[in-house]
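Read off the chains here:
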Amino acid sequence: MLRFALNRALSAGLMLLVVGTVVFSILFLVPGDPAELLLSSDGITASPDAIASLREEMGLNKPLLAQYGEFLVNALRFDFGVSLIDKASVGDTIATRLPRTIELILAGLVLAALTGIPAGTYAGLRPGRRFDRIASAVNAVLISLPGFVIGTLFIYIFAQFLRWLPAGGYTSFFTDPWLHIKQLTLPAITVGLHLFSIIFRMTRASVLEMRGNDWVRTAVAKGLSRKLVVRRHVLRNALGPVITVVGLQMGILLGSTVLIEFIYNWPGLSGYLVTAVQQRDYPSVRGVILVVSALFILINLMVELLYSMLDPRIRLE
Amino acid sequence: MKSKRFSIPGRMVLPTVLLTLFVGTMFIAPLIFTFDATKIAVSERLAGPSWAHPLGQDGFGRDRLARVLYGGQVSLTVAFVASLIALAIGTFVGLIGAYFRGPFEFIAMRVSDVVLYFPPILLALLVVTIFGPGVTTLVAVLALLFFPSFSRIAYSETMRVSVLDFVEASRALGTAPSRIVARTVLPNIMGPILVQFSLTAAACITVESGLSFLGLGVVPPAPSWGQMIRSARTYMEQDPFGIFVPCAALFLAIYAINLFVDRLRDVLDPKGQLEGKDAVSATKDGAGTPELGEGNVAELRALTLTLDRGADLPPVDLVKDVSMALRANQNTALVGESGSGKSLTALALMGLLPSGIQPTSGQIAVGRKAGTPVDLASLAPHAAEQVRGNDIAMIFQEPMTSLNPVLRIGFQMTEALQAHSDIDRAEAREKSIAALQSVGIPEAASRFDAYPHELSGGMRQRVMIAMALLAEPKVLIADEPTTALDVTIQAEIMDLLRDLRSSHGSGLSMLFISHNLGIVADIADWVVVMYSGEVVEEGPTDQILRDPHHPYTRALLESMPSAHEDLHSAKGDRLDTIKGTPPLPHLRPSGCSSRDRCPMAQPVCATIHPDLYRATSGTRAARCLFAPEAPEHLIQKEAV
Amino acid sequence: MPEKLVEVVNLSKSYQSAKKGLFRKSRIPVLRNVDLQIAPGEILGLVGESGSGKSTLGKAVLKLIDADEGDIVFDGQNLGGLTTSQLRARRKDMQIIFQDPYASLDPRKTVRAALSEALETHGLYTGDAQEPRLEALMKMVGLSAEFLGRLPHEFSGGQRQRIGIARALAVEPRFIVADEAVSALDVSIQAQVLNLLADLRRDTGVAMLFISHDLSVVRFISDRVMVLYLGRVMEVGPANDVHFAPAHPYTAALVSAEPSLKPKGERIGLKGEIPSPMNPPSGCVFRSRCPFAIGACDEKIPELRLIGQGRYKACIRDDILKGAE
């Protein structure tokens, strides 16, 4: 088990290095001068002075290999340079904003898992029955609604029309816990709905598949109660694939969270990212993407370890 | 059966129509009517629906219907083109990687992996930062984002298909690799790729609209749904309709595609549908107390099992009028070819019939250690749980899948014990280890803590046997327990099963199911032969094997090479065979169901469906008009 | 020894083991130093349990997989020296029939397409000659020519197996590998297909390597039998001799373990389980399970030696299983 864990951690580390390299080199893969490229828009070229000062600022005058080494070493120290716009430290900004993004995703994940797994199990055990048909139909609708559409509609319905909850904004939990929770509710549900549809769908499919296995028949033949058969021989086995899929979906989720944060004015990483992209603030964009990708890789590492605890066969592969 | 290659399957009609209609509207309506999506009329800003503007006007007074339609064109075109590029690149990369292996494989898969390790929207944003927004950038980004999913699928599907025998057969024929890839592999992986294409198109629409919503995708003045939602947000309070229209369009597009994918998947791979196996569903409640004959531990009386084939097809009897008695301390063998109904009969006894198959007449009775006999196929779930594993137990054909791979063997054994008695952990463990020892498992204590995959097939089957006998049942059903095992292991398991009766404290009756008459010879006291859902012959094992009365039983024996050690193909000898194949249950011939394969069949066999005629001595029975047991008047009457 | 159509010399093959971690890789040997000869028109039976390497040997003989070392000589020509396109042309003479009648036919190709692929590849029976040839092939395997337009799912397992045989016969091969060709069939259908194969050998003079785990089937159909265990040849000899008077303890154990209608003598039990091919026993690979093993068995690998008319065994003990002599 320890060996397996070390092995997976090592390959996650390698993956991080590759991601870092790609993020670093993408700017140089484009023909032309990176500084000129970043400053030009709609065919209008920037002044040579501006380009020269940007080159200096981003260290583009140093040899490529030196830049690469410096970039990697700095990234390890959580130093991603300074913003081109306000000269603030990118690392510091990320450190302030990242916890808010994680809070939002965790809240959504907990909501989705708490509802999706039981609902998916129930539907998967009784396919074609009324609950399954209704839940599957609702789910087909949910899965077809992009997060920012749900968010926009939610704001209209719950904030504008019903006026139950604030349309957005952020207050620190320590300043006003109640307001914090009210402001968290809509964004968390929006994030959670999308995840719910994936968890529901996967749990249902997995349970449906697992319940037909020979060992389930063995368990019934042993005289185990229905509850135990489902819990130990269906659900236990079904959770592995569900966790894997959720892990892979995290990538998409991290992306759609950008939009959701934007809609609700949730000051996580994404508002920062969107502004940075709009202003073509390359160091900021690079920093955020590096951190979020690292987060994604770490999540998948945890998923793999979790899966291997659920299924001993995984450790052999 | 007629080939259905060129028609659209029923389940695909609705989504196809929906999708065609939707896409058609986007592209054809602007050709018929003249719309202007960019004409600004500030005086009519946020005007409601009117004849000229059926969906009203937006914040600049532009026609909303036109903007939705043109926006749709842009969204759908971007999605389609990007998906197509992703499909072409991804499929090519995956196909080459999997079919030619080696360095191709490494490069193809690693490149895909790297892309997959970036959250999609973020990678898109990174590219947009460098190149600036715009439709071309968008298509390139989407193709880059989604080609890895195609290469992964193409890769794994090609790996799956290229080891299939028919691809190997093409290689053995000397067919050129390019032709094999194009004509044999590609058509067989197209299904999943098509599914992925639709999924990708839906995902592209989502990402595109999301980016446009942020103002980083399709740039104004070109319309797009994401952009429309973005600008309508500003006037949300005055004009909620402005938000609903593009939201609805976006939703409908994705929904139509998703529906299409779902149905396509069902049609291509029917496995996931409701007909799947199910061992968990509760059985129906009811049934009185069945009776059990003197000296019998379990009994079937005139049992008929019927498969419900849905509303369109009539139900069909898979097992017909089967009677069978398991006598105390006796081994009964149930023999037949695949499709004869032998396994279903056993499952009915256990109350484990697959969903869709029901007993429609007859009686099932299983004796209990204490108390009255029960019918497991119709007993209430809770009551049935107390009988299964306790009074009657079963082992299955596939030892590799019959144990739960994620639970330790010891846990699976003790949970069986604990289901039927109040026994503490330590005692259950002790009993289980003793049971493992008694079925010949060395180092039982350490195997107790092992996972199933750490044991060989033979050992797992021993575990299954030990587990089945833990609660000391009176009846053990063994469904082809050695078929999946090697011959030397098979012999060992057969030895074990044969010795069970004497070693099992309170006596044991076994129902041994097999397709092989040879294997039952030295385990069974009594043989029941089934063909096409019916019992065709039964009697004491030695008598049946020495002198079969039913032509089918005889033919089964004759066609076994092991029964003819004097024959050899080099001398020009042939095995006696039965012509043809067993009939499908809904296509049984009239009269005797084996007559069209029978060398002795007479015209009368087509008119009379023979009963299972029993000898006056009461031991043997055969379902044939010409068997010694059959009353003579039957044939004579018809012959006149 | 009569003239040889197929000759395999000192063939060895190993597979890469499943990856265990990033860097550690090891190879699992499946075939070790196998020799065999098949005469024109001869059926050589190949017997062994799972893990014996019999299917690998069948595919290696046809060069469908590449061996690590050793030569395959077909009709005097060493196949190892051929280019890929020469080998593809050579495949006209050597064909294969598979075990699983459901996997061996492309679900998307009609019988006609499957059979004509074979003809077109080698430019046989082109143009107007094609249809009569397809009909003749169908007749040869006992199927109606009307079935040519049908797809595989419209056939039963036995019929599919006949189509697979027709595909192999289409190019008029001189040698066929039948890889468990009757194992998946019910006993009554199995007998039909066995008779068909025996007839085809008689009528066309095709030689076969008949692979099966079923000793009785192999005895009935084969002229000679070869027994494999953990990738090594244990015994070779005329089919009836090997079956009725096995010379190697492993063959004797296999024969005695076979289910039979007639009561048999004492079964020769084996000890323990098949060892992992990753670390097989030293000396004789069978010694860990052999009831007759002695101290000397672990010293060196016993060679396959002549013990009688056309009979060979790889066992150092001559004082056991006297029935063989």
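Note that this is a predicted model, so its numbers are computed, not measured.

S.K.: What exactly am I supposed to notice about the overall build of chain A here?
M.R.: Summing up its helical and strand segments, chain A has twelve helices and zero strands in all. Counting from the amino terminus, chain A carries its helices and strands in the arrangement α-α-α-α-α-α-α-α-α-α-α-α. Per-residue burial over chain A gives 53% buried out of 317 residues. For chain A, long-range pairs separated by at least 24 residues make up 72% of all intrachain contacts whose partners lie at least 6 apart in sequence. As displayed, chain A offers around 14,100 Å² of accessible surface, 67% of which is attributable to carbon and sulfur atoms.

S.K.: Even after reading the chapter, I still don't get the interface of chain A and chain B, so can you show me in this structure?
M.R.: The extent of an interface is frequently quoted as the accessible surface area lost upon association of the parts. Contact residues are listed per partner, giving 76 residues for chain A and 74 residues for chain B. With both chains or domains summed, chain A and chain B bury close to 6,800 Å², and 71% of this area falls on carbon and sulfur atoms. Connecting chain A to chain B are three salt bridges. Counting the contacts that link chain A with chain B gives 16 residue pairs in polar contact (both at pLDDT 80 or more).

S.K.: Please explain the domain arrangement of chain B as it appears in this structure.
M.R.: Domain annotation of chain B identifies domain 1 (68-268), domain 2 (295-391 + 473-574) and domain 3 (399-472). Here the C-alpha centre of domain 2 of chain B lies 52 Å away from the C-alpha centre of domain 1 of chain B.

S.K.: I tried to follow the UniProt feature "domain: ABC transmembrane type-1" (unreviewed entry) in chain B on my own but got confused; where do I start?
M.R.: Per the UniProt annotation, the sites labelled "domain: ABC transmembrane type-1" (unreviewed entry) are residues 72-262 of chain B. Note that residues 72-262 of chain B is 85% helix and 0% strand, and that its end C-alpha atoms are spaced 22 Å apart.

S.K.: What is the right way to look at the sheet that holds strand 2 (residues 316-327) of chain B in this model?
M.R.: Strands in a sheet are paired, the pairing made by backbone hydrogen bonds, and the direction either parallel or antiparallel. All names here are of chain B. The strand order across the open sheet formed by three strands is 2-1-4, and the pairing between neighbours is antiparallel. A strand with exactly one partner marks an edge of an open sheet, and here the two such strands are strand 2 and strand 4 (357-366). Taken pair by pair, the neighbouring strands of this sheet meet at an average axis angle of 5 degrees, ignoring direction. Note: strand 1 (residues 296-307) against strand 4, eight bridges, orientation antiparallel. Within strand 4, the position partnered with T306 by the bridge is Q358. Most of the contacts of helix 10 (residues 342-350) go to strand 1, to which it runs at about 115 degrees, and overall it touches strand 1, strand 2 and strand 4.

S.K.: Is there a simple way to think about the packing of aromatic side chains in this case?
M.R.: Aromatic ring pairs are defined here through the distance separating the ring centres and the angle between the ring planes. Evaluation of the coordinates by the stated rule reveals 22 aromatic pairs over all chains. With a centroid separation of 5.9 Å and an interplanar angle of 25 degrees, the aromatic rings of F196 of chain A and F200 of chain A are classed as stacked. Separated by four residues within a single helix, F196 of chain A and F200 of chain A lie in helix 8 (residues 177-210), roughly one turn from each other. Of the residues examined, F196 of chain A reaches a relative accessible area of 17% and is grouped as buried. Since its relative accessible area comes to 2%, F200 of chain A is described here as buried. Through successive ring pairs, a cluster of aromatic residues spans F24, Y68 and F71 of chain A. Across the ring face of W526 of chain B, the terminal group of R327 of chain B is positioned such that the distance to the ring centre comes to 4.8 Å.

S.K.: Where do I start with the pattern of salt bridges in this structure?
M.R.: Side chains that differ in charge, positive against negative, can pair when their charged atoms come close. Overall, the coordinates contain 43 salt bridges over all chains when judged by the stated rule. Of the charged contacts, one joins E120 of chain C and R179 of chain B as a salt bridge, the two residues approaching to 3.5 Å between their closest N and O atoms. Within this pair, whereas E120 of chain C is found in helix 3 (residues 111-121), its partner R179 of chain B is found in helix 7 (residues 177-213), the two belonging to separate chains. Among the ionic contacts, a cluster of salt bridges with common partners joins D495, R498 and D522 of chain B together with R267 of chain C.

S.K.: Even after reading the chapter, I still don't get the environment of N279 of chain C, so can you show me in this structure?
M.R.: Along the chain, N279 of chain C turns up in the loop between helix 9 (249-257) and strand 11 (305-308). Look at N279 of chain C and you get exposed, because its relative accessible area is 59%.

S.K.: What is the right way to read the UniProt feature "transmembrane region" (unreviewed entry) in chain A from this model?
M.R.: Residue and element names in this part refer to chain A. Feature annotation in UniProt places "transmembrane region" (unreviewed entry) on residues 12-30, 104-125, 137-159, 179-200, 238-264 and 284-307, given in this structure's numbering. Spanning residues 137-159, this segment combines 87% helix with 0% strand, and its end C-alpha atoms are found 27 Å apart. Taken end to end, residues 238-264 comprises 100% helix and 0% strand; its first and last C-alpha atoms sit 35 Å apart.

S.K.: Even after reading the chapter, I still don't get the pairing of strand 10 (residues 232-238) of chain C, so can you show me in this structure?
M.R.: Along any regular strand the residues' side chains alternate between the sheet's two faces. Residues and elements named next belong to chain C. Of all seven residues making up strand 10, six are buried, and the element is well covered by its neighbours. Across six bridges, the pairing between strand 9 (residues 224-229) and strand 10 is antiparallel. Residue pairing across strands places M226 opposite V236, the latter belonging to strand 10. Joining the antiparallel neighbours strand 9 and strand 10 is a turn of two residues, in which L230 adopts a positive phi near 45 degrees. Two strands pair when backbone bridges link them, and strand 10 and strand 12 (residues 311-313) are joined in this way by two bridges, in the antiparallel orientation. Along strand 12, the bridge assignment pairs V236 with Y312.

S.K.: Would you take a moment to explain helix 3 of chain C for this structure?
M.R.: Residues spaced three or four apart along an α-helix point in a common direction, a consequence of the helix completing one turn every 3.6 residues. Listing the buried residues of helix 3 of chain C in full gives V111, A114, L115, S116, E117, A118 and L119 of chain C. Residues of helix 3 of chain C that are buried in the fold lie against helix 6 (165-173) and helix 7 of chain B together with helix 4 (130-140) and helix 5 (157-169) of chain C. Trailing helix 3 of chain C by a residue or two, G123 of chain C shows a phi angle of about 60 degrees, which is positive.

S.K.: How should the confidence of the model for chain B be read in this particular structure?
M.R.: In low-pLDDT regions, the fine details of the predicted coordinates are not to be read closely. All names here are of chain B. Counting all residues, the mean pLDDT for chain B is 84, and 93% of those residues have values of 70 or more. Of all secondary-structure elements in chain B, the lowest mean pLDDT belongs to helix 20 (residues 633-639), at 60, while strand 8 (residues 526-531) reaches the highest, 95. This model gives residues 1-6 a pLDDT under 50, and the stretch forms five contacts once residues within four places in sequence are excluded. Both scores are given for the predicted complex: the pTM is 0.84, the ipTM 0.87.

S.K.: Sorry if this is basic, but what is going on with the nonpolar core here?
M.R.: Soluble globular proteins tend to pack their nonpolar side chains together in the buried interior. With 152 residues, the main nonpolar core has I94 of chain A together with L125, L142 and W225 of chain B as its most contacted residues. The greatest single-element share of this core, amounting to 14 residues, is contributed by helix 7 of chain B. For I94 of chain A, the residues in contact, after removing those within four places along its chain, are F78, F80, P99, L269, Y272, G287, V288 and V291 of chain A. Membership of the second largest hydrophobic core comes to 112 residues, among which are L224 of chain A together with L469, I477 and L545 of chain B.

S.K.: Would you mind showing me how to read unusual backbone geometry here?
M.R.: Outside of glycine, negative phi angles account for most residues, and trans bonds account for most peptide bonds. Residues and elements named next belong to chain C. Its identity is not glycine, yet E172 carries a phi of approximately 55 degrees, on the positive side. Along the chain, the position of E172 falls in the loop between helix 5 and strand 7 (175-179). What makes E172 partly exposed here is its relative accessible area of 37%. With phi around 50 degrees, E180 is a residue other than glycine that occupies positive phi space. Residue E180 is classed as buried on the basis of its relative accessible area, which comes to 7%.

S.K.: Help me out: how do you make sense of the pairing of strand 6 (residues 94-97) of chain C in this one?
M.R.: Residues and elements named next belong to chain C. In strand 6, alternate side chains face the same way, and those of M94 and I96 on one face and Q95 and I97 on the other are all buried. Two strands pair when backbone bridges link them, and strand 6 and strand 7 are joined in this way by four bridges, in the parallel orientation. The partner of Q95 across the bridge, within strand 7, is I176.

S.K.: Just checking my understanding: could you explain the interface of chain B and chain C for this structure?
M.R.: Listed by partner, the interface residues are 63 residues for chain B and 66 residues for chain C. Taken together, both faces of the contact between chain B and chain C bury some 5,500 Å²; the carbon and sulfur share is 53%. Here chain B is connected to chain C by four salt bridges. E168 of chain B is paired through a salt bridge with K59 of chain C; the nearest N and O atoms lie 3.3 Å apart. Inspection of the region where chain B meets chain C yields 30 residue pairs in polar contact (both at pLDDT 80 or more). Of all the secondary structure elements, the ones that give two or more residues to the side of chain B that touches chain C are helix 6, helix 7, helix 16 (487-503), helix 17 (517-520) and helix 19 (551-558) of chain B. Ranked by residues supplied to the side of chain B that touches chain C, first place goes to helix 6 of chain B with eight residues. Considered class by class, the residues forming the side of chain B that touches chain C number 26 nonpolar, 20 polar and 17 charged.

Rules used in this analysis
Residues numbered from 1 in each chain as written. Chains lettered and ligands numbered in written order. Predicted model: local features only at pLDDT ≥ 70, side-chain atom pairs only at ≥ 80, totals over all residues. Heavy atoms only, no water. Helix = DSSP H or I, 4+ residues; strand = E, 2+ residues; numbered from the N terminus. Buried < 20%, exposed > 50% of the residue type's maximum accessible area, 1.4 Å probe, protein only. Contact = heavy atoms within 4.5 Å. Areas by Shrake-Rupley, 256 points an atom, 1.4 Å probe, with all protein chains shown as cover. Buried area = accessible area lost by both parts, 1.4 Å probe. Salt bridge = Lys/Arg side-chain N within 4 Å of Asp/Glu carboxyl O. Polar contact = N/O pair within 3.5 Å; in protein donor to acceptor, adjacent residues only side chain to side chain. Domains from an automatic or database assignment. UniProt positions renumbered as here; feature names shortened; annotations may be inferred. Pairing = 2+ DSSP bridges. Axes fitted to C-alpha atoms, helices over the stretch in contact; angles between N-to-C directions. Phe/Tyr/Trp six-rings, centres within 6.5 Å; stacked < 30°, edge-to-face > 60°. Lys NZ or Arg CZ within 6 Å of the ring centre and 35° of its normal. pLDDT = per-residue confidence, 0-100. Core = buried A, V, L, I, M, F, W, Y, C linked by side-chain atoms within 4.5 Å. Nonpolar A, V, L, I, M, F, W, Y, C, P; charged D, E, K, R; others polar.

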